[in-house]
Structures are given as structure tokens and as C-alpha cells.
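Each chain, written out:
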Amino acid sequence: MRTGSMPEIGWVIHDRSGLVAKECREWSNRCGFQVNQTYVINNSEDYQLFEEIPGNNTAFEFSGYAQALDLMQGDGPFVLVNDSLFRHHWSRAWCIMLHRLLEDLWLCTQDGKILGDLRRESIEFPEKPSTYWASWIFVMSDRWALQRMRVALERVIQAEWSEPSPEYEHYVKKWLNKSWWRGGWHGNPTPTAIHRKRISIRREHELSRILLKEQRLTPYSIGHRQQVLYRITRWTDRMMARYSAIRRKPHG
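Here goes a summary of the coordinates provided. Each chain has its residues counted from 1, running along the sequence as written. Whole-chain, interface and lining totals are the exception, using all residues; otherwise, since this is a predicted model, local features are given only for residues with pLDDT of at least 70 and side-chain atom pairs are given and counted only at 80 or more. In computing side-chain values, all of the structure's heavy atoms are included and hydrogens and water are not.

1. Observations concerning the overall build of the protein chain
Only runs of H or I of at least four residues qualify as helices and only runs of E of at least two qualify as strands under DSSP, and these elements are numbered from the N terminus. Secondary structure summary: the protein chain contains nine helices and seven strands in total. Rg of the C-alpha trace for the protein chain: 18 Å, near the compact-globule value of 18 Å for 252 residues, within the 12% margin. Exposed residues in this analysis have more than 50% of their type's maximum accessible area, buried residues have under 20%, and partly exposed residues fall in between, with area computed by a 1.4 Å probe over protein chains only. Relative to its 252 residues, the protein chain shows a buried fraction of 53%. Within the protein chain, residue pairs in contact and separated by at least 24 positions form 76% of the contacts whose partners lie at least 6 positions apart. Counting 36 positive and 29 negative side-chain charges, the protein chain places the centres of these two groups 8 Å from one another. Computation of the radius of gyration draws on C-alpha atoms, with the globule rule given as 2.2 Å multiplied by the number of residues to the power 0.38. We call two residues in contact when some of their heavy atoms are within 4.5 Å. Charged residues are defined here as Lys and Arg on the positive side and Asp and Glu on the negative side; His and the ends of the chain fall outside this count. By convention, charge coordinates are those of NZ in Lys, CZ in Arg, CG in Asp, or CD in Glu.

Structure (C-alpha cells):
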């Protein structure tokens with residue numbers, strides 16, 4: 001970490017139980033974050049506890065991320081993550097990777113770098129790079145990286161993008177309707193959930209498009225210097241998602 005600086009982490013949750021914020025803080029502590037460098041934004045209306053920060057949920061996790069970045073005052077590194085970590089990911093392994101990354105001198109020497117959970121596909125559209133970040137976790141090396149992310153998030157929140165092409169719309173629709181065992185969405189396919197997911201996908205792709213195409217950032221994964229652990233963790237994440245889908249009624 002940079003001399004005299006402590007890492008800061010911003011969470012975006014949607015919780016009415018009052019339990020998730022505690023889980024977020026415990027996980028953050030294991031990763032090396034101090035209590036006063038941990039911010040929890042709760043997007044669930046009127047259900048925030050006293051240690052949570054009310055979110056407006058105007059753009060789902062993306063508006064919450066912007067709120068969290070505005071609270072961060074140090075020199076970095078900075079982390080954004082949402083509570084899907086505990087539902088769809090191997091949280092222990094991600095904690096180990098993040099803890100190691102934050103202690104890695106390589107990160108301290110990087111200016112304006114953003115890391116996350118990378119996705120790579122052969123197909124590309126004007127709306128979607130072939131390589132992009134899943135929007136559930138990001139690491140920013142310093143304040144320059146934070147500012148780049150904040151600018152991109154504001155664009156995403158304001159929906160300052162062109163109408164999607166028919167080809168891109170077909171790509172998204174096909175993925176949402178494809179059976180999970182054939183590589184489609186693992187979520188609960190209610191009309192409301194599908195509509196929300198379609199919006200989230202566009203925001204996710206647009207965020208990466210701005211960062212990678214307009215700001216010309218190099219895409220890095222959190223496992224950039226921990227490739228074996230990253231591959232094992234990603235494989236385990238996929239198995240967890242499939243198991244979760246099996247427990248629901250199959251669709252497609």
C-alpha cells in the first residue's frame with residue numbers, strides 16, 4: 001500500500017434482514033480493512049441500520065458504487081464489491097486473493113489501474129468489448145483510478161449511451177433465455193428479474209466500454225499475479241452458480 005494510506009472498501013447491499021452488513025464487515029476485516037475504512041451502502045428502501053448508509057438504488061449497484069467512492073478520502077487502493085459475493089462466489093478464496101493483492105508491492109506502484117473479475121468472449125459489439133469486467137467487484141490502485149471509475153459510473157448512471165443495435169439486443173435476449181446448463185443466465189427467470197437483469201447487463205457492458213475503449217485502460221483481473229488461485233476460484237464460482245440453479249426450477 002502507499003505510504004501512510006489505508007485501503008478502503010465500499011459495499012453495496014440490498015438487505016432487509018440486518019445481517020448482511022455484519023457479514024460484509026467481517027469479510028472486510030479478514031481482508032485487512034479497518035472498520036472506519038469500510039462503507040456499507042444499503043439499497044433496500046427504509047431498511048438501513050444505523051451503521052449502514054442509505055442508497056437510492058437509482059441505478060442498482062452502480063449508483064451505490066458512486067456513493068461509496070464519494071466517501072473515500074485516502075490515496076488507495078480502493079475496492080468496490082456487492083453482496084452477490086456471498087450468494088454466487090467462493091467468498092473465502094476471494095478474500096485470500098484480495099488480501100494478497102492489497103499487500104502486493106506491484107499494486108502500490110501502479111498508477112490509474114483498475115482490476116476486477118474479467119470475462120472474455122469471442123464476440124464483440126459496439127456496446128460490449130470482447131473482454132470486460134463483471135460488475136460485482138473492482139479494485140482501484142490509487143485516486144487516479146478512482147476518478148476514472150467515478151467518471152465512468154456517472155455516465156452509466158445517467159444512461160448516456162446510444163440505443164442498442166438489434167444484434168446486441170439479440171445477443172442479450174439469447175443469453176437470458178438460454179438454459180443455464182447451456183451457459184445461460186443462472187438467475188430466477190421471472191419477468192421482473194429478467195427486465196432488471198437486462199438493464200444491469202447493459203450497464204455492466206457500458207461501464208467496461210467506457211473504461212477500456214474511451215479511457216483506454218488495460219484490463220487486469222484481481223488474479224493477475226495469482227493465476228492458479230484465480231482459475232480455481234472462477235471454476236468454483238461456476239459450480240456454485242450451477243448448484244444454485246439446480247435448486248430452482250430449470251428454465252429455457
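More follows now that the structure is in view.
2. Here's the deal with the nonpolar core
Residues belong to one nonpolar core when they are buried, are Ala, Val, Leu, Ile, Met, Phe, Trp, Tyr or Cys, and are joined through side-chain atoms within 4.5 Å. Residues W27, L80, I114, F138, M140, M149 and L207 are the most contacted members of the largest nonpolar core, which totals 59 residues. Contacts of I114, omitting those with residues within four sequence positions, involve W133, F138, V139, M140, A145, M149, L211, L217, T218 and Y220. One finds Y132, V172, L176 and I201 within the second-largest nonpolar core, a separate group that totals eight residues.

3. Here's the deal with the packing of helix 6 (residues 143-157) against helix 8 (residues 191-214)
Contact pair helix 6 / helix 8: the axes reach a minimum separation of 9 Å and the direction vectors enclose 135 degrees. Taken together, the axis directions place helix 6 and helix 8 in an arrangement best described as oblique. Crossing handedness for the pair helix 6 and helix 8: right-handed. For the pair helix 6 and helix 8, contact is made by R148, M149, A152, L153, R155 and V156 and by R203, E206, L207, R209, I210, L211 and E214, respectively. Charged residues are taken to be Asp, Glu, Lys and Arg, nonpolar residues to be Ala, Val, Leu, Ile, Met, Phe, Trp, Tyr, Cys and Pro, and polar residues to be all remaining types, Gly included. Of the residues belonging to the contact of helix 6 with helix 8, the class tally is seven nonpolar, no polar and six charged. In this description, a line fitted to the C-alpha atoms serves as the axis of each element, helices being fitted only across the stretch in contact, and the angle between N-to-C directions of two axes falls anywhere from 0 to 180 degrees. Convention used here: angles under 35 degrees read as roughly parallel, angles over 145 as roughly antiparallel, angles from 65 to 115 as roughly perpendicular, and any remaining angle as oblique. It is the rotation of the near helix from the far one that decides the hand of a crossing: anticlockwise by less than a right angle makes it left-handed, clockwise makes it right-handed.

4. Concerning the sheet that holds strand 4 (residues 78-82)
Spatially, 3-2-1-4-6-5-7 is the arrangement adopted by the seven strands of the open sheet, whose pairing is mixed. What marks the edges here is a single partner per strand, and that holds for strand 3 (53-54) and strand 7 (220-221). A pair of strands is treated as paired once DSSP finds two or more bridges between them. Bridge analysis of strand 1 (residues 8-13) against strand 4 gives five bridges, and the strand direction is parallel. Counterpart to I9 in the pairing with strand 4 is V79. Those strands touched by helix 8 are strand 5 (114-120) and strand 6 (131-140), and its axis lies near 80 degrees from that of strand 6.

5. Structural notes on the packing of helix 1 (residues 20-31) against helix 4 (residues 91-102)
At their nearest, the axes of helix 1 and helix 4 sit 8 Å apart, and the two run at 45 degrees to each other. Comparing the axis directions of helix 1 and helix 4 gives the class oblique. In the crossing of helix 1 with helix 4, the sense of the turn from one axis to the other is right-handed. On helix 4, the residues that touch W27, R30 and C31 of helix 1 are S91, W94, C95, L98, H99 and L102.

6. Concerning the environment of M239
Take M239: it is sitting in helix 9 (residues 227-247). Remark: the alpha-carbon pair of M239 and R216, spanning 23 residues in sequence, is separated by 33 Å.

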